[in-house]
Amino acid sequence: MLFNSAPFLFAFLPLALAGFFGFRRVGWRPAMAFLTVSSIVFYAWWNPAYAWPLAVSIAANFALGQAIARTRDTGWGGTVLAAGIALNLAFLGVFKYERFFAESVAPLLGLMIEARGLDLPLGVSFFTFTQIAYLVDVRRKLAQDGDALSYTLFVTFFPHLIAGPIIHHKEMMPQFRQPRRQCPASENLVAGLSLFAIGLFKKAVIADWVASYVAPGFSAAAAGQELSLGAAWTCALAYTVQIYFDFSGYSDMAVGLARLFGIDLPVNFNSPYKSASIIEFWRRWHMTLSRFLRDYLYFPLGGGRSGPVRRHVNLMVVMALGGLWHGAAWTFVAWGCLHGLMLVGNHLWREVRPAEPGRGEMIAGWVLTQVLVIAAWVFFRANSFDAALIVLKGMAGLGGGAAKVAWDGLALSLVLMAFCALAPNSQQIMQATGPGLEPVDSPKRFAWAPTTGWAWALAAMLAVSVMTLWRTSEFLYYQF
């Protein structure tokens, strides 16, 4: 079920809220039980047949968590954890990478394997990573859960289930046991609906609007047509803007929906296109994934403890696997490796230029960072290396072709990029309501306040967004 669909907005969400507040009068645990059932209905709505892999994953990981908790002080603790991680990776491999391995990797190894083409359960990467983190945290004595109901809600809580943010057991379970915020329900409703309205507008109006300028250029490149300088930059810039407003809009909606029920999720974006370096970019983009890769992959690999060479190798491994996590294709791996190389280059630059950068260097760093990020997005969006190289060739002014330049799309993308670089982000605007788990900075302007003006502005954004519901529009990150 999509957040920006009529069944969700006019049926599921009102019924879920009504049921939650009804059971809330009985007690917090009955309300959590109702939320668990509602979340399972939300997941199964798309296709009930996709629900069984989720059920199997939850049952297996809950049992593994119990086994790790019983053996973590013995010599078997590490073995059980390794088995649990291996089972989760095998689960992910069967559903997400089976075709990729059969069609792309096996031939390189001289093997002939027929792809079975299994259906990909929605959000499989997100709920698998969430549970791997849980198993590791149990081993580290940071998490332990003997309550099957709370564990099921931890995994299935519908605001984050399909596309994140990726949550940690230790930051959610205290909230599932008792409400963290001891404030009236009306405050949660105002804060949650306001953030949801902003997120829905970002997705349904901005991202879907600019998306119309993305497909023509990449489709032409996929057909082998060369692109002019203007056409290539139009589609690349438009996609850069689209993926940000699409995914950050989804994340805003997720955080806002959770807040309606008095639950706080971690925020996932912090104005990434303001970054003046690639290192800063990854501290601002998809922050919960960056946190997962750092805590559960980069640090266990040794991080930077064994010297700069090992640190750079670890960075490359983490980013390559991060790229593969996004999609079962070599173009995603290339995207991850490009970011790995950029991170290594950024760290090397900081070693030879340790002084604080001046204003001119900051501006140059911002421009270089944006250009590199936009160029890397080409591999993320293109459906083949040939198509990606055609777009990049056009961006370098070496292309040609008859593809028409959408000047309005280019201008719109540039305006939106400037907005991303200068305006406060969603959680900063809503800072007064305490959005998300972590404190955020208060903006110098455009700060939300409980005024009539803000109520009309958000109502208008919600109304304009709802008027777009006649068209079907999926979120880009659903496929990951």
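The structure we're discussing is the one just above.
Notes on the structure in this doc start here.

With respect to the overall build of the protein
Per the secondary structure count, the protein includes 20 helices and zero strands. In summary, the protein has a C-alpha radius of gyration of 23 Å against a globular reference of 23 Å for 480 residues, a match within 12%. A principal-axis box enclosing the C-alpha atoms of the protein has dimensions of 65 × 60 × 50 Å. Counting all 480 residues of the protein, 54% fall into the buried class. In the protein, 76% of the contacts between residues at least 6 apart in sequence involve partners at least 24 apart. Separation of charge centres in the protein, based on 35 positive and 25 negative side chains, amounts to 5 Å.

With respect to the packing of helix α9 (residues 185-210) against helix α11 (residues 229-260)
Where α9 meets α11, the closest approach of the two axes is 7 Å, and the angle between their N-to-C directions is 160°. In terms of axis orientation, α9 runs roughly antiparallel to α11. The handedness of the crossing between α9 and α11 comes out as left-handed. Residues belonging to the contact of α9 with α11 are distributed by class as follows: 18 nonpolar, seven polar and six charged.

So, the pattern of salt bridges
What the rule picks out here adds up to 11 salt bridges. In this structure, Lys202 and Asp252 form a salt bridge, with 2.8 Å as the shortest nitrogen-oxygen distance. Of this pair, Lys202 sits in helix α9 while Asp252 sits in helix α11; the two residues are 50 residues apart in sequence, bridging distant segments of the chain. You'll find Lys202 and Asp252 in the same group, each marked buried. Several salt bridges share partner residues, and in doing so they unite Lys203, Asp208 and Asp246 into one network.

So, the packing of α9 against helix α18 (residues 407-422)
Between α9 and α18, the least distance of the axes is 10 Å, while the angle of their chain directions is 135°. Relative to α18, α9 is oriented oblique. In this structure, α9 uses Ile206, Trp209 and Val210 to contact α18, whose residues at the interface are Leu412, Ser413 and Leu416. Classifying every residue of the contact of α9 with α18 by side-chain character gives five nonpolar, one polar and no charged.

Some thoughts on the side chain of Arg259
As for its position among the elements, Arg259 is in helix α11. This buried residue, Arg259, is left without a salt bridge; Asp264 holds the nearest opposite charge, at 4.3 Å. In this structure the side chain of Arg259 is engaged in a polar contact, spanning 2.9 Å, whose partner is the backbone oxygen of Thr433.

A closer look at unusual backbone geometry
Here the phi dihedral of His286 falls at roughly 40°; this positive angle occurs in a residue that is not glycine. Tracing the backbone through its elements, the reader meets His286 in the loop between α12 (278-284) and α13 (287-298). The exposure class of His286 is buried, given its relative accessible area of 0%. Even without being a glycine, Phe446 presents a positive backbone phi close to 60°. Considering the arrangement of structural elements, one finds Phe446 in the loop between α19 (426-429) and α20 (452-466).

Some thoughts on the nonpolar core
If you look at the biggest cluster of nonpolar residues, it comprises 142 residues, and the most contacted ones within it are Phe3, Phe8, Tyr273 and Trp377. With 19 residues, α11 is the single largest residue contributor to this core.

Brief notes about a nonpolar patch on the surface
The grouping of Phe101, Leu108, Leu109, Leu111, Ile113, Trp330, Phe385 and Leu389 at the surface amounts to a nonpolar patch, some 780 Å² of accessible area in total. Here Ile113 shows up in the loop between α4 (77-105) and α5 (124-139). Of the residues examined, Ile113 reaches a relative accessible area of 42% and is grouped as partly exposed.

Comments concerning the state of the cysteines
A complete count under the given rule lists zero disulfides for this structure. Cysteine Cys420 shares no disulfide, and the gap to the nearest cysteine sulfur, in Cys235, comes to 18 Å. A relative accessible area of 6% places Cys420 in the buried class.

What about helix α16 (residues 359-381)?
When the terminal C-alpha atoms of α16 are compared, their 33 Å separation across 23 residues agrees well with the 33 Å that a helix rising 1.5 Å per residue should span. The complete set of buried residues in α16 reads Gly365, Thr369, Gln370, Val373, Ile374, Ala376, Trp377, Val378, Phe379 and Phe380.

A word on the packing of aromatic side chains
The tally for this structure, following the rule as stated, stands at 47 aromatic pairs. Seen from their ring centres, Phe12 and Phe42 are 5.7 Å apart, and the 45° between their planes marks the pair as tilted. Linking Phe12 in helix α1 (residues 6-26) with Phe42 in helix α2 (residues 28-46), this pair joins segments that are 30 residues apart in sequence. When the centroid spacing of 5.8 Å and the interplanar angle of 45° are considered together, the rings of Tyr298 and Phe299 count as tilted. What makes Phe299 partly exposed here is its relative accessible area of 39%. Positioned above the aromatic ring of Trp325 is the side chain of Lys96, whose terminal nitrogen or guanidinium carbon lies 5.4 Å from the ring centre.

Comments concerning helix α8 (residues 169-177)
Within the span of α8, buried status applies to His169, Glu171, Met172, Met173, Gln175 and Phe176. Taken together, the buried residues of α8 touch α2, α5, α6 (148-156) and α13.

Analysis parameters
Residues numbered from 1 in each chain as written. Predicted model: local features only at pLDDT ≥ 70, side-chain atom pairs only at ≥ 80, totals over all residues. Heavy atoms only, no water. Helix = DSSP H or I, 4+ residues; strand = E, 2+ residues; numbered from the N terminus. Rg over C-alpha atoms; globule rule 2.2 N^0.38 Å. Buried < 20%, exposed > 50% of the residue type's maximum accessible area, 1.4 Å probe, protein only. Contact = heavy atoms within 4.5 Å. Lys, Arg positive; Asp, Glu negative; His and termini not counted. Charge placed at Lys NZ, Arg CZ, Asp CG, Glu CD. Axes fitted to C-alpha atoms, helices over the stretch in contact; angles between N-to-C directions. Parallel < 35°, antiparallel > 145°, perpendicular 65-115°, else oblique. Left-handed = near helix turned anticlockwise from the far one by under 90°. Nonpolar A, V, L, I, M, F, W, Y, C, P; charged D, E, K, R; others polar. Salt bridge = Lys/Arg side-chain N within 4 Å of Asp/Glu carboxyl O. Polar contact = N/O pair within 3.5 Å; in protein donor to acceptor, adjacent residues only side chain to side chain. Core = buried A, V, L, I, M, F, W, Y, C linked by side-chain atoms within 4.5 Å. Patch = residues over 30% accessible without salt bridge, like charges linked within 9 Å, V, L, I, M, F, W, Y side chains within 5 Å. Areas by Shrake-Rupley, 256 points an atom, 1.4 Å probe, with all protein chains shown as cover. Disulfide = S-S within 2.5 Å. Expected span 1.5 Å × (residues − 1). Phe/Tyr/Trp six-rings, centres within 6.5 Å; stacked < 30°, edge-to-face > 60°. Lys NZ or Arg CZ within 6 Å of the ring centre and 35° of its normal.

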